[in-house]
Each structure stands twice: as structure tokens, then as C-alpha cells.
Amino acid sequence: MPLNRRFTLVRRPSGVPVPEDFLLTEEPTAALEPGQFLLRNHYVSIDPAQRGWMDDRPSYLPPIALGASVRASTVGQIVESRSAAFPVGAWAAGLNAVEDYSVGTEGGYTNLVDPDAVPSITNYLSVVGPTGLAAYFGLLSIGQPRAGETVLVTGAAGSVGSLVGQIAKMKGCRTVGIAGGPAKVQRLLNDYGFDAAINYRGKSVEELVAEIRRAAPNGVDIQFENVGGDILDAGLLAINPKARIVLCGLISEYNSEPRGARNIWELVVQGARMEGVILTHYFDRIGEAVPALIGWVRDGKLRVDEHVEDGIENVLPAMLRLFDGNNEGKMMLRIVD
Ligand SMILES: NC(=O)c1ccc[n+]([C@@H]2O[C@H](COP(=O)([O-])OP(=O)(O)OC[C@H]3O[C@@H](n4cnc5c(N)ncnc54)[C@H](OP(=O)(O)O)[C@@H]3O)[C@@H](O)[C@H]2O)c1
């Protein structure tokens, strides 16, 4: 039986996670039951959501139990199987954990994927993984962009935000992105085709509002929110009547107590709508989203940046880069040689 290294949660983080919150354990993989298969994870996704799953509070998934491996999306190859539907050698992706080997079950959250359908197998963790699907359904189903409208994207240089900006542009919208620092502002303009880009670092809410209004002279019709806090508040002061605020995430609050939105009254003033993105509501439409996203990538219309680090021992440093902004694209770890 192969040895399985597992990145386990041993203490709930208080604020920013520290090494003492985790342990890298090693144990033999369990014997398979009928209908199960063993996935050798090649890549594991590192996501802001993992921080939320470490807290002991109700959410859309149960908290990661102490002693359990840190939950993660993974992609890999089946190396043992007691399921005819999941044969040895096939590739599969799904919600597993940061570990060398995951046990999958027929009807579970791991599905077969076609390595030849995508430019890189890692795309199953980025553009056709949870981040790409959140961008697709959040923008198109909740935001409902119309040509000529203005879309404000926060966390715009991140994995979700960079895709949202490009899809909004394809739909004929003016795109305004907010990100941290001058280098990211340049990436928004040059790599992701934003019409305007704003550096939020060191700015007050009032300064941000002024910059958003300059960049969006006709007001904001859709605010795609990845960050929360001051950035969400600033955007709300620039929304148009009937604006749609797509609440995808609140990364600025994941390592602290929730701060909340202070300018929520603007929803009343503008008759605007704020709606969260939860992917489970769109599972029946994944068959529509995946070919569309892959098609845009293959046609050169959608640029996908991935930031791949090596080694299961580097989970925490990789995760921390999400919170200090030092990731350039979808963060993931390669854990197989
Ligand atoms: N609802 C869903 O289904 C779903 C799916 C995937 C992701 N999400 C959410 O979408 C958001 C973006 O995820 P992602 O995967 O695109 O992220 P990402 O690629 O990991 O990028 C995270 C970026 O967030 C920015 N950031 C971090 N802390 C910040 C803070 N305190 N204030 C302002 N910006 C901060 C940083 O960029 P800067 O350098 O610009 O600060 C960082 O590079 C997260 O909130 C995540 O939870 C939701």
C-alpha cells in the first residue's frame, strides 16, 4: 500500500494561519471498498475558501475536522480501482484534500476528466475548476451583463477576477478592475484587457470612490465582489439604479472577524440587488459552462494564469501568498514528481 502524506489541521487558526495549526502526517492508504478508487493527486488547489473551512462555524460545507486533511480541489490519476466506471489510468478531478492519495467513491464529488480537452490538466483547477465556474455563473447568471454596461471587478488580478474581467469584455462591457499595487494595475490593463484599473493600496474609501467614479463615468452596473470591506463599500457608492452586486467572496475578512458592509443602504437608494455565488446551485449547468470556457481558452479569447508551486510541504507558504497578494494567477501545488 502506498504511503499517503496528508496536510492535516490540528488547531483552528486564530487570524492568519501559522505552522503550528498543521501537521504533515504519513500513513498507508486504506484498502478500497467496492465502488471506490484511489486517486494519485498530481495538483492540489490552494484557495482562499480553505481558510474559511478551518473555522468552526456554519457554512456551505462543514468545518474541516481537527485531525482531518485540509479540504482541497485536486486533479490526478486513478492508480487503483474497485469501480468499473473509474478505471486505473483515467484522470479525475474533484473536491478531495491536500494529500498524495484520495479515496473516491462512485457518485461522490470526484469526476472523470479528459486531459486532451484542455491545454493543461491544471486547467481543471483553474478555468474549468471552481474559480472559472464562479466567474462564469457569477457574472453571466447573477450579473447578467449587457453590452455597454460597466462592470467593476474587485480582486481583479486574482484567479476569479481576471476571468470575470475578460468575460465581461467579451460581452461588450466596460471593465474597471481594482487590485493591489502598480504591477497588478499594469497586468489588468495589459494582460486582461481592463479598460481602467485602480490600485487600492493606501487609499481611503473616499479616494477609492473618486477613482471608481473617474474610471466609470457612467456609473457601475455590475460590481463583482471578491474582497469586501472598504473596497466593497467604495464600489457601492458608485452603483447605478438596478445595479447587480455579485458577492463571490470577502477575502479581506477571512483572517479576521467579519467587518460587514457599511454602505448597504445604497442597495435601497438604487433599487440594486446583491446575490451570492454558490456553485452547488449551478451543478446542473456545468455541462454548459465547461465547453464555453474551454472554447474561449482555445480560441485565445480567455487568458488563464496559473501559479504553480512545488511540494506538499509548501501548502502554508502558498496559502499565505493569497492573503498578501503575492500570487500571480490561480494558486496550486504540484505534489507529484
Ligand atoms: N463563490 C464561489 O464559488 C467562489 C469560488 C472561488 C473563489 N471565490 C472567492 O473569490 C475571491 C477571489 O478568489 P480567487 O481564487 O480569485 O483569489 P486569488 O487568485 O487567490 O487571489 C486572491 C487575491 O485577493 C487579494 N487580496 C487578498 N487579501 C486582500 C485584502 N485584505 N484586501 C484586498 N485584496 C486582498 C490579493 O490581490 P491584491 O494583490 O490585488 O490585493 C490576492 O492576490 C475570494 O474571496 C474567494 O473566496 C468564491
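Residues numbered from 1 in each chain as written. Predicted model: local features only at pLDDT ≥ 70, side-chain atom pairs only at ≥ 80, totals over all residues. Heavy atoms only, no water.

- Going by an unreviewed UniProt entry, the protein chain carries the name NADP-dependent oxidoreductase and comes from Shinella yambaruensis.

1. Section: the site of the ligand
Move 1: Taken together, 26 residues surround the ligand, and among them Ser-159, Val-160, Lys-184, Tyr-200 and Asn-327 come closest.
Move 2: One of the side-chain nitrogen or oxygen atoms of Lys-184 is found 2.7 Å away from an oxygen atom of the ligand.
Move 3: In this structure, an oxygen atom belonging to the ligand sits 2.5 Å away from a side-chain N or O atom of Tyr-200.
Move 4: Compared with its free state, where it exposes 910 Å², the ligand has 88% of that area covered by protein. (Near = heavy atom within 4 Å. Polar contact = N/O pair within 3.5 Å; in protein donor to acceptor, adjacent residues only side chain to side chain. Areas by Shrake-Rupley, 256 points an atom, 1.4 Å probe, with all protein chains shown as cover.)

2. So, the environment of Val-44
Move 1: Mapped onto the fold, Val-44 is located in strand S3 (residues 36–45).
Move 2: What makes Val-44 buried here is its relative accessible area of 0%.
Move 3: For the pair formed by Val-44 and Val-315, sequence separation is 271 residues and the distance between their alpha carbons is 9.2 Å.
Move 4: Excluding residues within four positions of it along the chain, Val-44 makes contact with Ser-73, Thr-74, Ala-97, Val-98, Leu-125, Met-332, Leu-333 and Ile-335. (Helix = DSSP H or I, 4+ residues; strand = E, 2+ residues; numbered from the N terminus. Buried < 20%, exposed > 50% of the residue type's maximum accessible area, 1.4 Å probe, protein only. Contact = heavy atoms within 4.5 Å.)

3. Brief notes about the UniProt feature "domain: Enoyl reductase (ER)" (unreviewed entry) in the protein chain
Move 1: UniProt tags residues 17–333 as "domain: Enoyl reductase (ER)" (unreviewed entry).
Move 2: Strand forms 27% of residues 17–333 and helix 28%; the C-alpha atoms that close the span are 18 Å apart. (UniProt positions renumbered as here; feature names shortened; annotations may be inferred.)

4. Some remarks on the side chain of Asp-55
Move 1: Its place among the elements puts Asp-55 in the loop between helix H1 (49–53) and strand S4 (71–81).
Move 2: On the accessibility criterion, Asp-55 (13% relative accessible area) is buried.
Move 3: Once residues lying within four places of it in the same chain are set aside, the contact partners of Asp-55 are Arg-12, Pro-13, Pro-63 and Tyr-254.

5. Regarding the layout of surface pockets
Move 1: Taken as a whole, the second largest pocket holds about 270 Å³ of empty space.
Move 2: Around the second largest pocket, the lining comprises 17 residues; the ones closest to its centre are Arg-6, Ser-69, Ala-97, Glu-99 and Ser-102.
Move 3: The set of elements that each furnish at least two residues to the lining of the second largest pocket consists of strand S1 (3–9), strand S2 (22–28), strand S5 (91–97) and strand S6 (101–105).
Move 4: Residue composition of the lining of the second largest pocket, grouped by class: eight nonpolar, five polar and four charged. (1 Å grid on protein atoms, 1.4 Å probe; cavity = no way out; pocket = protein on both sides within 12 Å on 5 of 7 lines; lining within 4 Å. Points joined across faces, edges and corners; volume = space filled by probe spheres on them. Nonpolar A, V, L, I, M, F, W, Y, C, P; charged D, E, K, R; others polar.)

6. Points about the packing of helix H2 (residues 130–143) against helix H3 (residues 159–170)
Move 1: For the pair H2 and H3, interaxial distance at closest approach is 9 Å and the crossing angle is 45°. Judged by the angle between their axes, H2 and H3 are oblique. In this structure, H2 crosses over H3, and the sense of that crossing is right-handed. Where H2 approaches H3, its residues Thr-131, Gly-132, Ala-135, Tyr-136, Leu-139 and Leu-140 are matched on the opposing element by Ser-159, Val-160, Leu-163, Val-164, Ile-167 and Ala-168.
Move 2: Among the residues forming the contact of H2 with H3, the class breakdown is nine nonpolar, three polar and no charged. (Axes fitted to C-alpha atoms, helices over the stretch in contact; angles between N-to-C directions. Parallel < 35°, antiparallel > 145°, perpendicular 65-115°, else oblique. Left-handed = near helix turned anticlockwise from the far one by under 90°.)

7. Let's talk about empty space enclosed by the protein
Unoccupied space between atoms shows up once a probe the size of one water molecule is rolled over them.
Move 1: All chains considered together, the criterion is met by one cavity of 30 Å³ or more.
Move 2: In this structure, the largest cavity encloses a volume near 40 Å³.
Move 3: What lines the largest cavity is Ser-126, Val-127, Ser-159, Ser-162, Leu-163, Arg-303, Val-304, Asp-305 and Lys-330.
Move 4: Here the residues of the lining of the largest cavity sort into three nonpolar, three polar and three charged.
Move 5: Formed jointly, the lining of the largest cavity draws a minimum of three residues from each of two domains, domain 1 (3–126 + 305–334) and domain 2 (130–279). (Domains from an automatic or database assignment.)

8. Considerations on the sheet that holds strand S13 (residues 273–276)
Move 1: In space, the six strands of this open sheet follow the order S10-S9-S8-S11-S12-S13, with parallel pairing throughout. Each edge of the open sheet is held by one strand with a lone partner, namely strand S10 (196–199) and S13. Going across the sheet, the axis of each strand differs from the next one's by a mean of 15°, ignoring polarity.
Move 2: Along the sheet, H2 makes contact with strand S8 (150–154), strand S11 (220–225), strand S12 (239–247) and S13, crossing S11 at roughly 150°.
Move 3: Together, strand S9 (174–179) and S10 form the strand contacts of helix H4 (residues 182–190), whose direction differs from that of S10 by roughly 165°. (Pairing = 2+ DSSP bridges.)

9. Overview of the nonpolar core
Move 1: Val-75, Tyr-124, Leu-139, Leu-293 and Leu-302 are the most contacted members of the largest nonpolar core, which totals 45 residues.
Move 2: Here this core takes seven residues from H2, the largest share from any one element.
Move 3: Both domain 1 (3–126 + 305–334) and domain 2 (130–279) contribute no fewer than three residues apiece to this core.
Move 4: For Leu-293, the residues in contact, after removing those within four places along its chain, are Val-127, Val-128, Gly-132, Leu-133, Tyr-136, Ile-167 and Leu-302.
Move 5: If you look at the next biggest cluster of nonpolar residues, it comprises 23 residues, including Leu-152, Val-205, Val-220 and Ala-272. (Core = buried A, V, L, I, M, F, W, Y, C linked by side-chain atoms within 4.5 Å.)

10. Re the packing of helix H5 (residues 205–215) against helix H6 (residues 229–236)
Move 1: Interhelical geometry of H5 versus H6 gives an angle of 45° and a closest axis separation of 9 Å. Here H5 lies oblique to H6, going by the angle between them. Crossing hand, H5 versus H6: right-handed. Listed contacts from H6 to Val-205, Leu-208, Val-209 and Ile-212 of H5 are Asp-230, Ile-231, Ala-234 and Gly-235.

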